[in-house]
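Residue strings, one per chain:
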Amino acid sequence: MTYFKSSILGLFAFLLPFSILAQEANYGNQHLFDDFTYRQGNVYRTASGKPGPEYWQNAADYNLEVALDEKNHTVSGNVTIHYTNNSPETLDFIWIYLEQNRFTENSRGTLTTPVLGNRYSGDVEGGFELSNISAKTETGTSSKHIITDTRMQLFLDKPLAAKGGKVTIQMNFKFKVPLEGMDRMGRLETEAGTIYAIAQWYPRVAVFDDVVGWNTEPYLGAGEFYCEYGTFDVKITAAADQTVVCSGILQNPKEVLTKTQQDRFAKAEKSDKTVYIITPDEVGKPVSQVKTTGTLTWHFKMENTRDVAWASSKAFIWDAARMNLGDGKTGVAQSVYPKESDGTGAWSRSTEYSKASVEFYSNTYYPYPYHNAINVAANVGGMEYPGVSFCHYKSRGEDLWGVTDHEFGHNWFPMIVGSNERRYPWMDEGFNTFINHYSTVAFNNGEYPSSTDKPRTLVRYLTFEKREGIDTSPEVANARNLAYTAYYKPAAGLFMLREYILGTERFDNAFNSYIRHWAYKHPQPNDFFNHMENVAGEDLSYFWKGWFFGNGNIDMGITSVEPFQGNYLVTVENNGQIPMPVELQVIYADDTTENVRLPVEIWQRGNSWTHLLKTTKEVKRVVLDPNRMLADVNMLNDTWNKM
């Protein structure tokens, strides 16, 4: 959602001051480099950060049939869930999420929202109406259940067998679409009609994993989602004048699209330029409709996905273009938006943005697995779902690029790499913000700026007395801090890791390998840490501990530069809590330069280190971190100038 000699010095030991010799004997900083969590592997998750030989996860396939009632703003229908227990233990019950129950007066989310509200405020006149609840196994059927806020515990007639036991869960449901849906869904009134942006819209199975068992954290607000993968078969019935878009591939275009629209869509599938499916002039007119009365049922199907979302309106302009996803595979980028969003500086470029974003990630990190990427203009600031994004209908230019790129980037984190957003938002928001930087730099020869490559812009927050760490729960983090804890600080951490600590080649090998091994699986933080270290070949405990699981800072400086036997002694200091490798740029009197790199291990012996700079030239200036890639909180001690 949208926020780096002794052996050389040893030869001259008898000539050096005691302060230099002392750096050989002090090991007081070793605690900064020790392992910080229990990171040994097991049969489920290996010490090298891969899924283990007995890794498992459960699966859930969904059949959904619903109808949209425009007059009453309701969605009603039924769901059939085919759930498979692949775990090594039997299950006595299944936990189901009922996220629409957040929109009630007495929900935990409502009662924990500040009186003056926040981004995650929501209507209180909603909630699920459920009926005909059943869970059918090979041995019988049970309807016993307990509903607690946004969760249902559905009991089984007998324990569900391990390693392949199956249960079919069914129920009818109905809810009123909230006007304000916690900035993740809702409805928007436009001149030509209501736009319905529908998400968290069906009873959904919670994740049962090898780490905590059932993941049943309530749906409160800031914390997002953790879902199982499966196949979704979705049928949506709406008035004939509605245009419906949904995650997945439309199965019955001849039944719901006019011949002209079908021809235009076929053209768009082969065009790198945007093609109208419904033009601005056709919105709301009979020419855009298969029939003018009654209803139509739109049928969609999506495989290997953790969720689906959809949108419906009679106000939609609709356009599309081909996506070139690599290895000869193509897809279709699409946008639907009202006349209020039309314009060359606004949503008329949405499909161009969507296409560029998805193409970059697909060709850089991991192939995009879905056929469609649909951007929906709604009253949502920015929210991601597999193959569908909801972005604010008033966004324009740089803002529209930014939110579109961010939300479609989420298809890699957490849609492909299925981390637990509710517990670890930095594993999707932070990772996504990081890759957004590179896609923005690549888009249209750098048409729009990015600040992720300037970690020092975070210094004000990093020195803020009430700052919070990356590991702070999204439900606990101060609303003003969440953008930093979940988005900006983890993204800056990955940037420093790639551009400063490891280098691009080592980082990219490890990062892309992490994506490949955990695609459509459920990695934990330690899986990421272990895999990056094993592939890059570097112990990064000091960095994970300090940056991702601490609230300390980077503060290195240059203490002195002194002539020594025709050479120079350069002394650097570490005044912060996070040790880092040291990059120095030496500028000589003749204006030539030399770069010096010192490994992070110099800080294991203490907070001061003296380096012998061998040179016959006169040193004029020395700069620490000359490219300003570190979020160093004190820049005043980063430069030495000859007096």
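Residues numbered from 1 in each chain as written. Predicted model: local features only at pLDDT ≥ 70, side-chain atom pairs only at ≥ 80, totals over all residues. Heavy atoms only, no water.

Participant: Can you help me understand the overall build of the protein chain in this one?
Facilitator: Within the protein chain one finds 14 helices and 32 strands. Projected onto the principal axes, the alpha-carbon positions of the protein chain cover approximately 95 × 60 × 50 Å. Scored against the burial criterion, the 643 residues of the protein chain give a buried share of 58%. Across the protein chain, the centroid of the 60 positively charged side chains sits 2 Å from that of the 76 negatively charged ones. (Helix = DSSP H or I, 4+ residues; strand = E, 2+ residues; numbered from the N terminus. Buried < 20%, exposed > 50% of the residue type's maximum accessible area, 1.4 Å probe, protein only. Lys, Arg positive; Asp, Glu negative; His and termini not counted. Charge placed at Lys NZ, Arg CZ, Asp CG, Glu CD.)

Participant: Explain the nonpolar core to me, please; I cannot follow it from the model alone.
Facilitator: Soluble globular proteins: nonpolar side chains tend toward being buried together. Membership of the largest hydrophobic core comes to 188 residues, with the highest contact counts inside it found for Trp-201, Phe-511 and Trp-547. The contacts of Trp-547, once residues within four sequence positions are left out, are Leu-462, Ile-470, Lys-489, Pro-490, Ala-492, Gly-493, Met-496, Ile-554, Ile-578 and Ala-631. (Core = buried A, V, L, I, M, F, W, Y, C linked by side-chain atoms within 4.5 Å. Contact = heavy atoms within 4.5 Å.)

Participant: Would you take a moment to explain helix 7 (residues 397-409) for this structure?
Facilitator: Along an α-helix, a turn takes 3.6 residues, which lines up residues three or four apart on a common side. An ideal rise of 1.5 Å per residue puts 18 Å on 13 residues; helix 7 measures up with 18 Å between its terminal C-alpha atoms. Across the 13 residues that make up helix 7, a large majority, 10, are buried. (Expected span 1.5 Å × (residues − 1).)

Participant: Help me understand the environment of Asp-405 in this model?
Facilitator: Locating Asp-405 in the fold gives a position in helix 7. A relative accessible area of 1% places Asp-405 in the buried class. In sequence terms Asp-405 and Asn-567 are 162 residues apart; their C-alpha atoms lie 51 Å from each other. Filtering out sequence-adjacent residues up to four positions away, Asp-405 remains in contact with Ser-357, Tyr-361, Asn-436, Ser-439 and Thr-440. Polar side-chain contacts of Asp-405 include one of 2.7 Å to the side chain of Ser-357. At 2.6 Å, the side chain of Asp-405 and the side chain of Ser-439 are in polar contact. (Polar contact = N/O pair within 3.5 Å; in protein donor to acceptor, adjacent residues only side chain to side chain.)

Participant: Got a minute to help me understand the environment of Glu-601 in this structure?
Facilitator: Structurally, Glu-601 can be placed in the loop between strand 29 (593-598) and strand 30 (608-613). With relative accessibility at 34%, the residue Glu-601 sits in the partly exposed group. Between the C-alpha atoms of Glu-601 and Phe-33, which are 568 residues apart in sequence, the distance is 8.9 Å.

Participant: Whenever I open this one, the sheet that holds strand 16 (residues 243-246) confuses me. Can you help?
Facilitator: Backbone hydrogen bonds are what pair the strands of a sheet, in a parallel or an antiparallel way. The five strands lie next to each other as 9-10-11-20-16, forming an open sheet whose pairing is antiparallel. Across the chains shown, the open sheet's two edge strands, defined by having one partner strand only, are strand 9 (180-181) and strand 16. (Pairing = 2+ DSSP bridges.)

Participant: Please clarify how the packing of aromatic side chains should be interpreted in this entry.
Facilitator: Aromatic ring pairs are defined here through the distance separating the ring centres and the angle between the ring planes. Within this structure, the stated rule accounts for 58 aromatic pairs. On the basis of an interplanar angle of 40° and a centroid distance of 5.7 Å, the ring pair of Phe-33 and Tyr-542 is categorised as tilted. Here Phe-33, found in the loop between helix 2 (18-22) and strand 1 (59-69), pairs with Tyr-542, found in helix 14 (residues 541-548); they are 509 residues apart in sequence, far enough to count as distant. For the pair formed by Phe-33 and Tyr-542, the shared burial category is buried. When the centroid spacing of 5.3 Å and the interplanar angle of 70° are considered together, the rings of Tyr-62 and Tyr-202 count as edge-to-face. With a gap of 140 residues between them, Tyr-62 in strand 1 and Tyr-202 in the loop between strand 11 (193-198) and strand 12 (204-205) connect regions that are remote in the sequence. (Phe/Tyr/Trp six-rings, centres within 6.5 Å; stacked < 30°, edge-to-face > 60°.)

Participant: Where do I start with unusual backbone geometry in this structure?
Facilitator: Negative phi is the rule for most residues except glycine; trans is the rule for most peptide bonds. The peptide bond linking Phe-413 to Pro-414 adopts the cis configuration, its omega dihedral lying at 20°. In this structure, Pro-414 sits in helix 8 (residues 411-416). For Asp-149, which is not a glycine, the phi torsion comes out positive at approximately 60°. In this fold, Asp-149 is placed in the loop between strand 6 (145-148) and strand 7 (151-160).

Participant: Sorry, what's going on with the pattern of salt bridges here?
Facilitator: Any two side chains of opposite charge can pair, on the condition that their charged atoms come close. Evaluated as defined, the whole model comprises 25 salt bridges. A salt bridge links Arg-45 to Asp-527; its shortest N-O distance comes to 2.6 Å. Taken together, the residues span a long stretch of sequence, with Arg-45 in the loop between helix 2 and strand 1 and Asp-527 in helix 13 (residues 525-536) at a distance of 482 residues. Each member of the pair, Arg-45 as well as Asp-527, carries the same accessibility label: buried. Among the salt bridges present, the one from Glu-583 reaches Arg-597, with a minimum N-O distance of 2.5 Å. With Glu-583 in strand 28 (residues 582-588) and Arg-597 in strand 29, this residue pair connects regions lying 14 residues apart in the sequence. (Salt bridge = Lys/Arg side-chain N within 4 Å of Asp/Glu carboxyl O.)

Participant: Explain the packing of helix 11 (residues 482-502) against helix 12 (residues 504-518) to me, please; I cannot follow it from the model alone.
Facilitator: Think of two packed helices as two axes; the pair is described by the angle between the axes and how far apart they sit. One can describe the packing of helix 11 onto helix 12 by two numbers: an axis separation of 7 Å at closest approach and a directional angle of 135°. When the axis of helix 11 is compared with that of helix 12, the two are oblique. Of the residues in helix 12, those touching helix 11 at Leu-494, Leu-497, Arg-498, Glu-499 and Leu-502 are Thr-504, Arg-506, Phe-507 and Asp-508. Residue composition of the contact of helix 11 with helix 12, by class: four nonpolar, one polar and four charged. (Axes fitted to C-alpha atoms, helices over the stretch in contact; angles between N-to-C directions. Parallel < 35°, antiparallel > 145°, perpendicular 65-115°, else oblique. Nonpolar A, V, L, I, M, F, W, Y, C, P; charged D, E, K, R; others polar.)

Participant: Even after reading the chapter, I still don't get the pairing of strand 29, so can you show me in this structure?
Facilitator: Working note: regular strand, side chains alternate between the two faces of the sheet. Pairing of strand 28 with strand 29 involves six bridges; the strand directions are antiparallel. Each residue of the ladder has a partner; that of Val-586, found in strand 29, is Glu-594. Where strand 28 folds back on strand 29, the antiparallel hairpin that results is connected by four residues, among which Asp-591 adopts a positive phi of roughly 70°.

Participant: Mind showing me how you'd approach helix 11 here?
Facilitator: At Tyr-488, helix 11 shows its maximal kink, close to 35°; a proline, Pro-490, follows between one and four residues later. Within helix 11, 18 of the 21 residues are buried, leaving the element largely enclosed by the surrounding structure. Positive backbone phi, at 95°, marks Gly-503, one or two positions downstream of helix 11. (Bend = angle between axes of the 7 residues up to and from the residue.)

Participant: Sorry, what's going on with empty space enclosed by the protein here?
Facilitator: Over the atoms rolls a probe the size of a water molecule, and in doing so it shows where empty space is left. Empty space within the largest cavity amounts to approximately 90 Å³. As for the largest cavity, its lining consists of 14 residues, and the residues nearest its centre are Ala-222, Glu-224, Pro-425, Glu-429 and Tyr-487. In terms of residue count, helix 11 provides more of the lining of the largest cavity than any other element does, three residues in total. Here the second largest cavity defines a volume of roughly 70 Å³. Around the second largest cavity, the lining residues are Asp-241, Gln-242, Thr-243, Ile-278, Val-283, Gly-284, Ser-288, Gln-289, Ser-313, Lys-314, Ala-315 and Phe-316. Looking at the lining of the second largest cavity residue by residue, the classes come out as four nonpolar, six polar and two charged. (1 Å grid on protein atoms, 1.4 Å probe; cavity = no way out; pocket = protein on both sides within 12 Å on 5 of 7 lines; lining within 4 Å. Points joined across faces, edges and corners; volume = space filled by probe spheres on them.)

Participant: How should the sheet that holds strand 31 (residues 619-624) be read in this particular structure?
Facilitator: Strand order in this open sheet of four strands is 29-28-31-32, and the pairing throughout is antiparallel. Here the strands that pair on one side only, and so sit at the sheet edges, are strand 29 and strand 32 (639-641). Ignoring strand direction, the axes of neighbouring strands in this sheet form an average angle of 15°.

In short, shape yes, function no, at least from these values alone.
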